[in-house]
Amino acid sequence: QVNLEDNYTIVKLRWLNTHNGVCGDRATTKYHIALSRTDAFSGEEVIIDNGKMSFTASPQYQELILATPRVAQYVRFYVDDYYNWGGGLNEIEVYAEITTP
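Residues numbered from 1 in each chain as written. Predicted model: local features only at pLDDT ≥ 70, side-chain atom pairs only at ≥ 80, totals over all residues. Heavy atoms only, no water.

K.L.:
In this structure, what is going on with the sheet that holds strand β4 (residues 61-84)? I would like to understand it.
P.N.:
Across a sheet, strands are paired by hydrogen bonds formed along the backbone, either parallel or antiparallel in direction. With antiparallel pairing, the five strands of this open sheet are ordered in space as β3-β2-β4-β1-β5. Each edge of the open sheet carries a strand with a single partner, namely β3 (46-52) and β5 (89-97). The average undirected angle you get between the axes of adjacent strands in this sheet is 35 degrees. As paired elements, strand β2 (residues 26-36) and β3 share six bridges and run antiparallel to each other. Paired with Ala-34 across the bridge in β3 is Ile-47. (Pairing = 2+ DSSP bridges. Helix = DSSP H or I, 4+ residues; strand = E, 2+ residues; numbered from the N terminus. Axes fitted to C-alpha atoms, helices over the stretch in contact; angles between N-to-C directions.)

This is the structure:
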């Protein structure tokens with residue numbers, strides 16, 4: 001989960017699947033991503049994406065550009081299924097529109 005410390009208009013996300021050959025191969029294989037203004041994630045959140053990823057020793061960034069930008073403070077990436085020892089992310093990037101006064 002990422003806390004942006006304030007509500008922003010989110011326009012894009014990028015993420016990198018995990019891989020850890022030292023401790024045993026692992027990767028997220030199924031996921032969904034939700035946004036929330038309140039951190040409750042109890043029905044008020046908006047699911048913006050769900051999909052599948054594959055295990056690879058050289059993961060590549062995945063990118064989601066929101067067709068309809070969404071206002072949120074919290075971004076939560078759910079690992080719904082995984083390869084071998086577990087799932088996760090190596091990195092997640094959140095891009096938002098910034099308005100200047």
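So, next bit.
K.L.:
Explain unusual backbone geometry to me, please; I cannot follow it from the model alone.
P.N.:
The phi torsion of most residues other than glycine is negative, and most of the peptide bonds are trans. Even without glycine at this site, Asp-39 takes up a positive phi of about 75 degrees. You can see Asp-39 is positioned in the loop between β2 and β3. Of the residues examined, Asp-39 reaches a relative accessible area of 31% and is grouped as partly exposed. Even without being glycine, Asn-84 reaches a positive phi, approximately 60 degrees. (Buried < 20%, exposed > 50% of the residue type's maximum accessible area, 1.4 Å probe, protein only.)

K.L.:
I'm lost on the environment of Glu-63 in this one. Help?
P.N.:
With respect to the element layout, Glu-63 can be found in strand β4. Taking the C-alpha atoms as reference points, Glu-63 and Lys-12, 51 residues apart in sequence, are found 7.3 Å from one another. Here Glu-63 is in contact with Lys-12, Leu-13, Arg-14 and Trp-15, once residues within four sequence places are set aside. (Contact = heavy atoms within 4.5 Å.)

K.L.:
Even after reading the chapter, I still don't get the packing of aromatic side chains, so can you show me in this structure?
P.N.:
Between two aromatic rings, the relevant description is the distance of the centres plus the angle of the planes. For the coordinates displayed, the defined rule picks out four aromatic pairs. Aromatic side chains Tyr-31 and Phe-77 sit 5.2 Å apart centroid to centroid with 15 degrees between the ring planes, which places their arrangement in the stacked category. Linking Tyr-31 in strand β2 with Phe-77 in strand β4, this pair joins segments that are 46 residues apart in sequence. Relative to Tyr-83, the ring of Phe-55 lies with its centre 4.4 Å away and its plane at 20 degrees, an arrangement referred to as stacked. In this pair, Phe-55 sits in the loop between β3 and β4 while Tyr-83 sits in strand β4, placing the two residues 28 residues apart along the sequence. By relative accessible area, Phe-55 is classed as partly exposed at 27%. The positively charged end of Arg-76 is found above the aromatic ring belonging to Phe-41, 3.9 Å away from the centroid. (Phe/Tyr/Trp six-rings, centres within 6.5 Å; stacked < 30°, edge-to-face > 60°. Lys NZ or Arg CZ within 6 Å of the ring centre and 35° of its normal.)

K.L.:
Sorry, what's going on with the pattern of salt bridges here?
P.N.:
For side chains bearing opposite charge, pairing can occur when the charged atoms are close. Scanning all chains against the criterion turns up three salt bridges. Taking the shortest distance from any N to any O, the salt bridge between Glu-63 and Lys-12 comes out at 3.6 Å. Placement of the pair is Glu-63 in strand β4 and Lys-12 in strand β1 (residues 2-17), with a sequence separation of 51 residues. Where Arg-14 meets Glu-93, a salt bridge forms, and the shortest distance between an N and an O atom there is 2.9 Å. Here Glu-93 lies in strand β5 and Arg-14 lies in strand β1, a separation of 79 residues in the sequence. Classification of Arg-14 by relative accessible area gives partly exposed; the value is 22%. (Salt bridge = Lys/Arg side-chain N within 4 Å of Asp/Glu carboxyl O.)

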